[in-house]
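One-letter residues, chain by chain:
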Amino acid sequence: EPQAGVLSALIVGTEGALPRDLRTAFSRAGVSHVLSISGLHVALVAGAGYAFFRSLLARSRWLLLTANVPKLAAAFSIIPVLLYAGIAGSNVATLRSVIMIMVVVVSVLVDRQRHLVVSLAVAVILIVLWSPGAALDVSFQLSFIAVLGLVWGMECFWPWWQRWEEARLVRLRGWTARIWRPVAVSVVVSLSALAAKMPLTAFHFNQVCVVAPLANAVVVPLLGSVAVGLGLLAALAELIPTPLAQL
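The structure contained in this document is the topic of the report that follows. These numbers were taken from a predicted model, which means no experiment stands behind them.

### Overview of the overall build of the chain
Then, in step 1: Within the chain, the regular secondary structure consists of 13 helices and 0 strands.
Then, in step 2: Looking at the 247 residues of the chain, the share that counts as buried comes to 34%.
Then, in step 3: A separation threshold of at least 6 residues defines the contact pool for the chain, and within that pool the share at least 24 residues apart is 62%.
Then, in step 4: With the model as given, the accessible surface of the chain reaches about 14,800 Å², and the carbon-plus-sulfur share is 70%.

### Considering the pattern of salt bridges
Then, in step 1: On inspection of all chains with the given rule, the structure shows 1 salt bridge.
Then, in step 2: In this structure, the salt-bridge partner of Lys71 is Asp111, at a minimum N-O distance of 2.8 Å. Linking Lys71 in helix α5 (residues 69-76) with Asp111 in the loop between α7 (92-109) and α8 (116-130), this pair joins segments that are 40 residues apart in sequence.
Then, in step 3: Note on Asp111: relative accessible area 58%, which makes it exposed.

### Some details on unusual backbone geometry
Then, in step 1: One non-glycine residue, Asp111, adopts positive backbone phi at about 60°.
Then, in step 2: Of note in this structure, Asn206 is not a glycine but carries a positive phi near 60°.
Then, in step 3: Relative to the helices and strands, Asn206 resides in the loop between α11 (180-205) and α12 (212-237).

### Points about the nonpolar core
Then, in step 1: Counting residues in hydrophobic clusters, the biggest one holds 28 residues, and the most contacted among them are Leu10, Val34, Leu35, Val42, Val81, Ile101 and Leu232.
Then, in step 2: Within the residue set of this core, elements represented by two or more residues are α1 (3-12), α3 (39-57), α6 (78-88), α7 and α12.
Then, in step 3: Of the residues forming this core, the biggest block, 6 residues, is contributed by α12.
Then, in step 4: Residues within four places of Leu35 in sequence aside, it is in contact with Ala9, Leu10, Gly13, Glu15, Leu18 and Phe26.

Each value, and the rule that gives it
- Residues numbered from 1 in each chain as written.
- Predicted model: local features only at pLDDT ≥ 70, side-chain atom pairs only at ≥ 80, totals over all residues.
- Heavy atoms only, no water.
- Helix = DSSP H or I, 4+ residues; strand = E, 2+ residues; numbered from the N terminus.
- Buried < 20%, exposed > 50% of the residue type's maximum accessible area, 1.4 Å probe, protein only.
- Contact = heavy atoms within 4.5 Å.
- Areas by Shrake-Rupley, 256 points an atom, 1.4 Å probe, with all protein chains shown as cover.
- Salt bridge = Lys/Arg side-chain N within 4 Å of Asp/Glu carboxyl O.
- Core = buried A, V, L, I, M, F, W, Y, C linked by side-chain atoms within 4.5 Å.

Just geometry here; none of it tells us what the structure is for.
Written out as structure tokens, the structure reads:
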């Protein structure tokens, strides 16, 4: 401890072992979302599940000739997502992420347009029907308003960025020019989520975290991606040899 508590919060969302001062530090830095099982975690599981099932199904020549392997892999990717959600619990961010993933997968299977706002709306309706009082919960409000903010932010930013790249022939200038795309996307996502959550955090907690974009640029790749990926692999390894999981 406290490293074990942080890892437990990252992988399965259990924050009980985290010291209060550490939780406060994450909150003040605007990165407390990495300690709850949300869209980033569920998307990693869904992506890994899709890649695994697609590589597995593609080994069958009969399936390649008679079925749509990418669609089958997308459908099977729901299995690890549901298993992970069962382990992580039923907090609002987890339910929202699982519902959105399932809506996107269904839209892929039926060849319909994938739109994040639609999947977000479906998640709102289902969660409120399941628990009508959830809309008054702070975590519900912050979770949905953050996603809505970053979706709208990217819808405004992405067309402009594509025009900017085409005007400067960025794609023809090598990888050093293209590296600015993920950097710009990361900054816009953080700023959009911060702007959307700012009124709520000011109202509920009397604070606004202006360093969140910088903190997220450092914390999300390390804790939200690398640590979560390694932690999930360790959780799977624990089923085989415990020493490997401990390593």
